[in-house]
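# Structural overview for review
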Amino acid sequence: LNAMHLKSFPTYKDIFIRPKKWTHNGITENKDIGFLNIFGIKHLWRTISLSIDLAKIIKRNKSENLTIVTYGIHTPFLFAAFIGTKFCNSRNVKWCSIVPEIPLFYIGIKGKGKLYNILKKIDWLGSLWLLKKANMYQLLTEDMARLLGIEDKDYIVIEGVLDTRTSTAGNENGSSTEQKKIVLYTGTTNVEFGIVDLLTAFSSIDSKDYKLVICGTG
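Residues numbered from 1 in each chain as written. Predicted model: local features only at pLDDT ≥ 70, side-chain atom pairs only at ≥ 80, totals over all residues. Heavy atoms only, no water.

## Observations regarding the overall build of the chain
Let me state the cut-off plainly: Helix and strand assignments follow DSSP, with helices taken as H or I runs no shorter than four residues and strands as E runs no shorter than two, numbered in order from the N terminus. Type-normalised accessible area, obtained with a 1.4 Å probe on protein chains alone, sets the label of each residue: buried when under 20%, exposed when over 50%, and partly exposed for intermediate values. In what follows, a contact means two residues having at least one pair of non-hydrogen atoms within 4.5 Å. Here the accessible surface of atoms and residues is derived via Shrake-Rupley with a 1.4 Å probe, and residues count as covered only by protein chains that are part of the display.
When helices and strands are tallied, the chain shows five helices and ten strands. Buried residues in the chain amount to 28% of all 218 residues. Within the chain, contacts between residues separated by at least 24 positions form 57% of all contacts whose residues are at least 6 apart in sequence. When the accessible surface of the chain is split by element, carbon and sulfur atoms take 57% of a total near 15300 Å².

Structure below.
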């Protein structure tokens, strides 16, 4: 199940996003849910639609042992998984949450207005509460378990994003042809999220052996 991440109308031209079923390998059944693309309404709409569709999947497969996998900290997905594991009357459903980052505190975004930031803070608090209801986790660092307070739950730490066996950045022996050590930042580049701190810190490095690559909008 997928809910496309789009800017709200009128920034994004379509006010209603139609549902669509698709497959990427001829075997899996995937669905983009539909929703009314209006700020506030779309968040609630997506939450309800995902919860209903997931409940239907669980009901169709009630005799099977199922694992719900969510990626990222996004309330509609977390809430749907929570409903699926707690209120679908199925003890054979487990929830694994893949956590790529932990927003320990909400940072208000300038220019969005008080109402926007109040609603986003409520959403942020709710998402953190829901996240802790998962049965198991995939984390990027050991410290994440401590910060989330889930040391007593099942979790696995998988660090790194590059499989050197399939990388095309190396030579025939698999070693890199790039002599510089690359530091990669992927994420929002708004000032309030610390990008200036990163640039200031990186510019203090005297060595010419390091290269900073930034990918993200903001």
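Having seen the structure, we can now continue with the description.
## Details of the nonpolar core
Which entries qualify depends on this criterion: By convention a nonpolar core is built from buried Ala, Val, Leu, Ile, Met, Phe, Trp, Tyr and Cys residues, the set being connected through side-chain atoms within 4.5 Å.
If you look at the biggest cluster of nonpolar residues, it comprises 27 residues, and the most contacted ones within it are Tyr137 and Leu139. Where this core is concerned, the elements lending two or more residues are helix H1 (41-60), strand E5 (66-71), helix H2 (75-86), strand E6 (93-99), helix H3 (114-131), strand E7 (136-139) and helix H4 (143-148). Filtering out sequence-adjacent residues up to four positions away, Tyr137 remains in contact with Cys96, Ser97, Val99, Leu131, Lys132, Ile150, Lys153, Asp154, Tyr155 and Ile156.

## A look at the sheet that holds strand E8 (residues 154-157)
Pairing between sheet strands relies on hydrogen bonds along the backbone, with the strands arranged either parallel or antiparallel. Just so we agree on the cut-off: Paired strands are those between which DSSP finds at least two bridges. All axes here are fitted lines through C-alpha atoms, helices being fitted over the stretch that makes contact, and every angle between N-to-C directions spans 0 to 180 degrees.
An order of E5-E6-E7-E8 is seen for the four strands of this open sheet, with the pairing classed as parallel. Each of the sheet's edge strands pairs with one partner strand only, and the pair in question is E5 and E8. On average, adjacent strands in this sheet sit at an angle of 20° to one another, irrespective of strand direction. For E6 and E7, the ladder comprises four bridges, and the chain directions are parallel. Opposite Cys96, over in E7, you have Met136 as the bridge partner.

## Observations regarding the layout of surface pockets
Going by this rule: Residues are called lining when one of their atoms sits within 4 Å of a cavity or pocket point, these points coming from a 1 Å grid over the protein atoms alone, where a cavity is a set in which a 1.4 Å probe fits but cannot get out and a pocket is an open set with protein on both sides within 12 Å along at least five of seven lines. Grid points are joined across faces, edges and corners, and a volume is the space filled by probe spheres set on the points. Charged residues are taken to be Asp, Glu, Lys and Arg, nonpolar residues to be Ala, Val, Leu, Ile, Met, Phe, Trp, Tyr, Cys and Pro, and polar residues to be all remaining types, Gly included.
Here the second largest pocket is characterised by a volume of approximately 340 Å³. Forming the walls of the second largest pocket are 15 residues, and the residues nearest its centre are Leu1, Leu54, Thr67, Ile68 and Val69. Those elements giving two or more residues to the lining of the second largest pocket turn out to be H1, E5 and H2. In terms of residue count, E5 provides more of the lining of the second largest pocket than any other element does, six residues in total. The residue makeup of the lining of the second largest pocket, split by class, is 13 nonpolar, two polar and no charged.

## Quick notes on H2
The condition is simple: Multiplying 1.5 Å by the helix residue count minus one yields the expected span of that helix.
With twelve residues, H2 should cover 16 Å at 1.5 Å per step; its first-to-last C-alpha distance of 16 Å lies within 8% of that length. Those residues of H2 that fall on the buried side of the exposure criterion are Thr75, Pro76, Leu78, Ala80, Ala81, Phe82, Gly84 and Thr85. Of the surrounding elements, those touching the buried residues of H2 are H1, E5, E6 and H3.

## Overview of H1
For an α-helix, the turn length of 3.6 residues means that residues three or four places apart are oriented alike. An ideal rise of 1.5 Å per residue puts 28 Å on 20 residues; H1 measures up with 29 Å between its terminal C-alpha atoms. Where H1 is concerned, the buried positions are Lys42, Arg46, Thr47, Ser49, Leu50, Ser51, Asp53, Leu54 and Ile58. Taken together, the buried residues of H1 touch strand E3 (30-32), strand E4 (35-36), E5, H2 and E6.

## What about the pairing of strand E9 (residues 181-186)?
Looking along a regular strand, one sees side chains alternate from face to face of the sheet. What counts is decided by this rule: Seen with its strands pointing away from the viewer, a crossover is right-handed when the path leading from the first strand over the helix to the second is clockwise.
Across six bridges, E9 lies against strand E10 (residues 210-215) in parallel orientation. Residue pairing for E10: Val183 is matched across the bridge by Leu212. The β-α-β motif built from E9, the intervening helix H5 (residues 195-203) and the parallel element E10 has right-handed crossover chirality.

## With respect to the pattern of salt bridges
Proximity of charged atoms lets side chains of opposite charge pair with each other. Put simply, the rule is: Salt bridges are identified by distance alone: a Lys or Arg side-chain nitrogen within 4 Å of an Asp or Glu carboxyl oxygen.
This structure, assessed with the given rule, holds three salt bridges. Its salt-bridge partner being Lys13, residue Asp14 comes within 3.4 Å of it at the nearest N-O pair. Note that Lys31 is salt-bridged to Asp53, the shortest N-O span being 3.0 Å. Taken together, the residues span a long stretch of sequence, with Lys31 in strand E3 and Asp53 in helix H1 at a distance of 22 residues.

## Quick word on a negative patch on the surface
As a reminder of what qualifies: What makes a patch is a set of residues exposed beyond 30% relative accessible area and free of salt bridges, joined within 9 Å when like-charged and within 5 Å when nonpolar (Val, Leu, Ile, Met, Phe, Trp, Tyr). The sign given to each residue is positive for Lys and Arg and negative for Asp and Glu; His and the chain ends receive no count. Here the site of a charge means atom NZ of a Lys, CZ of an Arg, CG of an Asp or CD of a Glu.
Together, Glu142, Glu151, Asp152 and Glu159 line one region of the surface with negative charge. Tracing the sequence through the fold places Glu151 in the loop between H4 and E8. Among the residues examined, Glu151 registers a relative accessible area of 48% and is labelled partly exposed.

## Some points on the environment of Gly216
Mapped onto the fold, Gly216 is located in the segment after E10. Given the relative accessible area of 48%, Gly216 is considered partly exposed. Remark: the alpha-carbon pair of Gly216 and Gly187, spanning 29 residues in sequence, is separated by 4.9 Å. With residues near it in sequence (within four places) discarded, Gly216 still touches Gly187 and Thr189.

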